[in-house]
Amino acid sequence: MAAQHISYTVPGMTSEDSEKVIALLQMRLHSLNDLALTLKHIHWNVVGPHFIAVHEMLDPQVEQVRSMIDDLAERISTLGGEPQGTPGVLVDQRDWKDYSLGRAEAIAHLGALDLVYTSIITDHRKAMDETETADPVTQDMLIEQLRGLELFQWFVRAHLESSGGKLSTGGARTETGAAGQATDQARNQP
């Protein structure tokens, strides 16, 4: 992604630091826009005996993620940048593929969603680390967002953990692999 050149920023921050932070935030914006769409996709395509529990668990997550998106976009603007929120820009600039499951059982979607959250949280933590010196205000915002994202992943993982503490998605590298592992563990539990 080409860095945006800004004509002003917040007092006490250099334009160079702001441009770097804006670039980081833009990718977080893309990531969370994609997450909100993925959560709704799952909400619409989840089936099976745990349908209603997962269906109803996801809407509050969508609402909170959308609030995080708004915070990111407003921070980009505050720093003198121009938030890019169109689907075309998201698809053009992202470095990940679309969510890979369609209509599937709740446990399969939760397995795949665990990997989605792992990726988003990992990248959010990297952005948090990279803003520590240049922009502690942005870092604080990212920390607060991580608090919510990690909580949402815990909600998902509560469905994926065995009574012995084994996470069914452990070691999975793809969404479909995680979905399969979650489904297998669920079928093999007494």
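Residues numbered from 1 in each chain as written. Predicted model: local features only at pLDDT ≥ 70, side-chain atom pairs only at ≥ 80, totals over all residues. Heavy atoms only, no water.

A few points about helix H2 (residues 51-78)
Part 1 of the argument: Between its terminal C-alpha atoms H2 stretches 41 Å, which fits the 40 Å expected from 28 residues at 1.5 Å a residue.
Part 2 of the argument: Phi turns positive, to about 95 degrees, at Gly80, one or two residues after H2. (Helix = DSSP H or I, 4+ residues; strand = E, 2+ residues; numbered from the N terminus. Expected span 1.5 Å × (residues − 1).)

Some words on the packing of H2 against helix H4 (residues 106-130)
Part 1 of the argument: With their axes 11 Å apart at the nearest point, H2 and H4 run at an angle of 25 degrees to one another. Considering their axes alone, H2 and H4 lie roughly parallel with respect to each other. Residues Val54, Met57, Leu58 and Gln61 of H2 form the contact with H4, whose participating residues are Ala106, Leu110, Leu113 and Tyr117.
Part 2 of the argument: Of the residues belonging to the contact of H2 with H4, the class tally is seven nonpolar, one polar and no charged. (Axes fitted to C-alpha atoms, helices over the stretch in contact; angles between N-to-C directions. Parallel < 35°, antiparallel > 145°, perpendicular 65-115°, else oblique. Contact = heavy atoms within 4.5 Å. Nonpolar A, V, L, I, M, F, W, Y, C, P; charged D, E, K, R; others polar.)

A short note on the pattern of salt bridges
Part 1 of the argument: In this structure the tally under the stated criterion is nine salt bridges.
Part 2 of the argument: As a salt-bridge pair, Arg75 and Asp135 come within 2.9 Å of each other at their nearest N and O atoms. Linking Arg75 in helix H2 with Asp135 in the loop between H4 and helix H5 (136-160), this pair joins segments that are 60 residues apart in sequence.
Part 3 of the argument: Taking the relative accessible area as the measure of exposure, Asp135 reaches 3% and is therefore buried.
Part 4 of the argument: Linking Asp114 and Arg157 is a salt bridge whose minimum nitrogen-to-oxygen distance equals 2.7 Å. A residue pair is termed long-range when its members are at least 10 positions apart, and Asp114 in helix H4 and Arg157 in helix H5 qualify at 43 residues. (Salt bridge = Lys/Arg side-chain N within 4 Å of Asp/Glu carboxyl O. Buried < 20%, exposed > 50% of the residue type's maximum accessible area, 1.4 Å probe, protein only.)

Looking at the nonpolar core
Part 1 of the argument: Ranked by internal contacts, the top residues of the largest apolar core, which has 48 residues, are Leu32, Leu35, Val65, Leu113, Tyr117 and Leu149.
Part 2 of the argument: Looking at which element gives the most residues to this core, the answer is H4, with twelve residues.
Part 3 of the argument: Once residues within four sequence positions are removed from consideration, Tyr117 is found in contact with Leu35, Leu39, Gln61, Leu149, Phe152, Gln153 and Val156. (Core = buried A, V, L, I, M, F, W, Y, C linked by side-chain atoms within 4.5 Å.)

Some points on the packing of helix H1 (residues 15-45) against H2
Part 1 of the argument: At a minimum axis distance of 9 Å, the contact between H1 and H2 shows a crossing angle of 160 degrees. Our classification of the angle between H1 and H2 gives roughly antiparallel. The interaxial crossing formed by H1 with H2 has left-handed handedness.
Part 2 of the argument: Residues of the contact of H1 with H2, tallied by class, amount to 16 nonpolar, five polar and five charged. (Left-handed = near helix turned anticlockwise from the far one by under 90°.)

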